[in-house]
Amino acid sequence: MILKSLKESRRLLLVTHVRPDGDAIGSILALGRGLSLMGKTVRLYNESPIPAIFRFLPGIEQIVSDPGPLSDYDTAVALDCSDLSRVGGLADAVSRIPTLINIDHHLTNTGFGAHQMIDPAASSTGELVYQILMDLGIAIDSAMAYAIYTAIFTDTGSFLFQNTNPKAFYICGRMVELGVNSYTVAQKLFATYSLGRLKLLNMVLDTIQISRNGKLSVMYLTQEMLRETETSVDDINGLVNYAKHIEDVQVAVLIQESQRLPGGGDRSHYHVSLRSNGPVDVAAIAESYGGGGHSGAAAYTTYTSLAEIKKNVFRLSDIF
Ligand SMILES: [Mn+2]
């Protein structure tokens, strides 16, 4: 049904989640380019700024934060969104576009949209986009190959996470055959950090606390640290994983003070990222706070104080 609907569409808006990661960005770029090559009018939308590390991807400038009048589109495609609200402020308006297609791999996907391709066994949404491009008979060029490779490579944590499956290796191998320089991608994504980021990492690591049973680690990051190290949200990407590498730690938590919202007054709010090494399902924890994600990586936003968040988070360690 998805294929038929995509073939019949003429003017498409592709959307993905706020604070986009490599899977969100790679998926939207690859599918967007494929559909454009089929002669369709395609616009790629994201509410948030694109993190600097992804700016090497061909066509990245085509992801815009202004989709124009939504009445222009006959079809919307949501990629890597467990819930349409993940799109951000435009979610309601997007839901009114005549045909809504939902392509995702989150176990927690709410099943929104008229047509869905939801496969929690897929390593990434990029893997599903590859399948769709194949089924549409589109020849993958180097730009699409870089996008798909980046989607899978980042969502599997460079093939380190538990969602790394045979297809992830197979598709990435094919993408390398089609022109991706895997060394270049690795360098762009992981090997080059600013001095500020390392100083920020130093500060954040300094806040690590471990639960009494040793299975949970908690660190935090404040706006003040970003100012002091002259870093931006771009530099926060991946910091949470450091605390996961500690011996015996099963769940790592990074509590990140977010920028005050315009009109939000004095109230700080926090983005809480959770990473699990296996047995603990952090998506369930995030969901209980109104967030979501995968069993191994999830997040939620909260308006309580840092002290309160830490108290609640440490209480979690009692259950595992
Ligand atoms: Mn994903």
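Summary of the structure given here. Remember, predicted model here, so these are calculated numbers, not experimental data.

### Concerning the coordination of the manganese ion
When a metal holds four donors in a tetrahedron, each ideal angle between them is 109.5 degrees; when it holds six in an octahedron, the ideal angles are 90 or 180 degrees.
Alright, step 1. Distances from the manganese ion to its protein donors, namely Asp23 (OD), Asp80 (OD), His105 (NE2) and Asp155 (OD), fall within the range 2.1 to 2.4 Å.
Alright, step 2. Binding-site remark: the manganese ion is held by donors from one chain whose sequence spacing is D-x56-D-x24-H-x49-D. Of the two residues, His105 is situated in the loop between β5 (99–104) and β6 (115–118) and Asp155 in helix α5 (residues 142–155); the sequence distance between them amounts to 50 residues.
Alright, step 3. For Asp155, a relative accessible area of 12% gives the class buried.

### Quick word on the pairing of strand β8 (residues 216–221)
Alright, step 1. Extensive coverage of β8 is indicated by the burial of 5 of its 6 residues.
Alright, step 2. Of the pairings in the sheet, the one linking strand β7 (residues 209–210) to β8 comprises 2 bridges and is antiparallel in character. The partner of Ile210 across the bridge, within β8, is Ser217.
Alright, step 3. What sits between β7 and β8 in their antiparallel hairpin is a turn of 5 residues, with Gly214 showing a positive phi close to 80°.

### Quick word on the packing of helix α4 (residues 125–135) against helix α6 (residues 166–177)
Alright, step 1. Where α4 contacts α6, the axes come no closer than 10 Å and their chain directions differ by 60°. Relative to α6, the element α4 lies oblique. For the pair α4 and α6, the crossing hand works out as left-handed. Where α4 abuts α6, its residues Glu127, Tyr130 and Met134 lie against Lys167, Ala168, Tyr170, Ile171, Arg174 and Met175.

### Considering the packing of α4 against α5
Alright, step 1. At a minimum axis distance of 8 Å, the contact between α4 and α5 shows a crossing angle of 145°. For the pair α4 and α5, the contacting residues are Gly126, Glu127, Tyr130 and Leu133 in the first and Met144, Ile148, Ala151 and Ile152 in the second.
Alright, step 2. Of the residues belonging to the contact of α4 with α5, the class tally is 6 nonpolar, 1 polar and 1 charged.

### Description of the pattern of salt bridges
Alright, step 1. A complete count under the given rule lists 4 salt bridges for this structure.
Alright, step 2. Across the pair Glu8 and Lys4 runs a salt bridge, and its minimum N-O distance is 3.3 Å. Of this pair, Glu8 and Lys4 both sit in helix α1 (residues 2–8), 4 residues apart, which is roughly one turn of that helix.
Alright, step 3. Since its relative accessible area comes to 53%, Glu8 is described here as exposed.
Alright, step 4. Take Lys4: its relative accessible area is 48%, and that puts it in the partly exposed class.
Alright, step 5. Between Glu224 and Arg227 there is a salt bridge, and its shortest N-O distance comes to 3.1 Å. Taken together, the residues span about one helical turn, with Glu224 and Arg227 both in helix α9 (residues 223–229) at a distance of 3 residues.
Alright, step 6. On the basis of relative accessible area, Arg227 is assigned to the exposed category, the value being 55%.

Definitions and limits used
Residues numbered from 1 in each chain as written. Predicted model: local features only at pLDDT ≥ 70, side-chain atom pairs only at ≥ 80, totals over all residues. Heavy atoms only, no water. Donors = N, O, S within 2.8 Å, 3.2 Å for Na, K, Ca; no water. Helix = DSSP H or I, 4+ residues; strand = E, 2+ residues; numbered from the N terminus. Buried < 20%, exposed > 50% of the residue type's maximum accessible area, 1.4 Å probe, protein only. Pairing = 2+ DSSP bridges. Axes fitted to C-alpha atoms, helices over the stretch in contact; angles between N-to-C directions. Parallel < 35°, antiparallel > 145°, perpendicular 65-115°, else oblique. Left-handed = near helix turned anticlockwise from the far one by under 90°. Contact = heavy atoms within 4.5 Å. Nonpolar A, V, L, I, M, F, W, Y, C, P; charged D, E, K, R; others polar. Salt bridge = Lys/Arg side-chain N within 4 Å of Asp/Glu carboxyl O.

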